[in-house]
Amino acid sequence: MSEPERRPAPAERRDGALLVVGDVVTDVIARHRGPLASGTDTAAAVRTVPGGAGANVACWAAYWGATDVRLLGRVGADAAAWHERALTASGVQPCLVVDPQAPTGTVICLVDTGAAAERTFLTDSGASLRLDPGDWSDALLDGVAWLHLSGYLLFSESSRALVAAALASARARGVPVSLDPASAGFLVKLGVDRFLTLVEGLEVLLPSRDEACLLTGLPDAVDAAAKLSRHVPLVVAKQGGDGAMVARSGSVSAHVPAMPTAPRDTTGAGDAFTGAFLAALLAGARPEDAAREGCRAGALAVERVGGRPPAPE
């Protein structure tokens, strides 16, 4: 007799807010076609828009139906009011610390408008990674059902200390925590062992394909996701045009296909996935179904310029 099919346990709706802690930056997006012309001009369409992985996740979660989304971030006085207005308009309750010294972080996004719409980032973190334990309060978790941390916070000493404080508070209150590793390039500098130590106690890890492979040293994305799920109970590995994988207890339990799309700009696609995934999870969806919502949001995101969802109607 064959072994009965194992079905995922039913998920439960989580009543309460989603608190995102992460980066708020200004994106300068330059869309060009073909190689950059070194030493001279390259024609490009340039736009300045609000961004930041943490802020993008919060906005996509609100757009995808999460009714109470809050964001803790740090900005400079130069753009604080602009970012607060943009977040509020997207349905996010901002808690922005205004840095007295550093300007708002800025990312220059170079987007090749070829078929893949691939992007390259030039990052000046500015105030965004100057969050520190003094910006954290246990009261931030009042009414919160889920805490999400942007992996960018692990790339500076002060914001790493804030992550430790937030994780300790969440554990004490029984609030589950998720994290997106954010950047394979920065992970190399941080170190894999250090990263895995810093994120002990997470419920959900949402790496990209490159990040999953880097964190495990394995070249195959399926093997990488499976191995990571021995460290973190639930791993949702984003695969870009190949969709996403859900892994638990050392094995991949589902492969969710990507939605067909015509990409214009891949900036923020992973953030869109994460935001929609978390919104669906809070609403009671199983992780596999939440990952499908994430793929839907990612497909919508790459059809737009910038990392934020469409403006609310």
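Above this text is the structure in question.
Bear in mind that the values here come from a model prediction, so they are computed numbers and not experimental data.

What counts, and where the lines are drawn
- Residues numbered from 1 in each chain as written.
- Predicted model: local features only at pLDDT ≥ 70, side-chain atom pairs only at ≥ 80, totals over all residues.
- Heavy atoms only, no water.
- Phe/Tyr/Trp six-rings, centres within 6.5 Å; stacked < 30°, edge-to-face > 60°.
- Buried < 20%, exposed > 50% of the residue type's maximum accessible area, 1.4 Å probe, protein only.
- Core = buried A, V, L, I, M, F, W, Y, C linked by side-chain atoms within 4.5 Å.
- Helix = DSSP H or I, 4+ residues; strand = E, 2+ residues; numbered from the N terminus.
- Contact = heavy atoms within 4.5 Å.

1. Here we look at the packing of aromatic side chains
1) Next: Summed over the entire model, instances satisfying the criterion amount to seven aromatic pairs.
2) Next: Taking the centre distance of 6.1 Å and the plane angle of 50° together, the rings of Tyr63 and Trp64 count as tilted.
3) Next: When the ring of Tyr152 is compared with that of Phe155, the centres are 6.1 Å apart and the planes differ by 85°; the resulting orientation is edge-to-face. Both residues of the pair, Tyr152 and Phe155, belong to the buried class.
4) Next: In this structure an aromatic cluster arises from ring pairing among Trp60, Tyr63 and Trp64.

2. Considering the nonpolar core
1) Next: Core analysis: the biggest nonpolar cluster contains 45 residues, and Val21, Trp136, Leu147, Leu149, Phe195 and Leu205 have the highest contact counts within it.
2) Next: No other element matches helix α3 (residues 157–173), which puts five residues into this core.
3) Next: Dropping the residues within four chain positions of it, Val21 is found in contact with Leu72, Leu131, Trp136, Leu147, His148, Leu149, Ser150, Leu153 and Leu162.
4) Next: In this structure, Val20, Val236, Ala276 and Phe277 belong to the second largest nonpolar core, which totals 44 residues.

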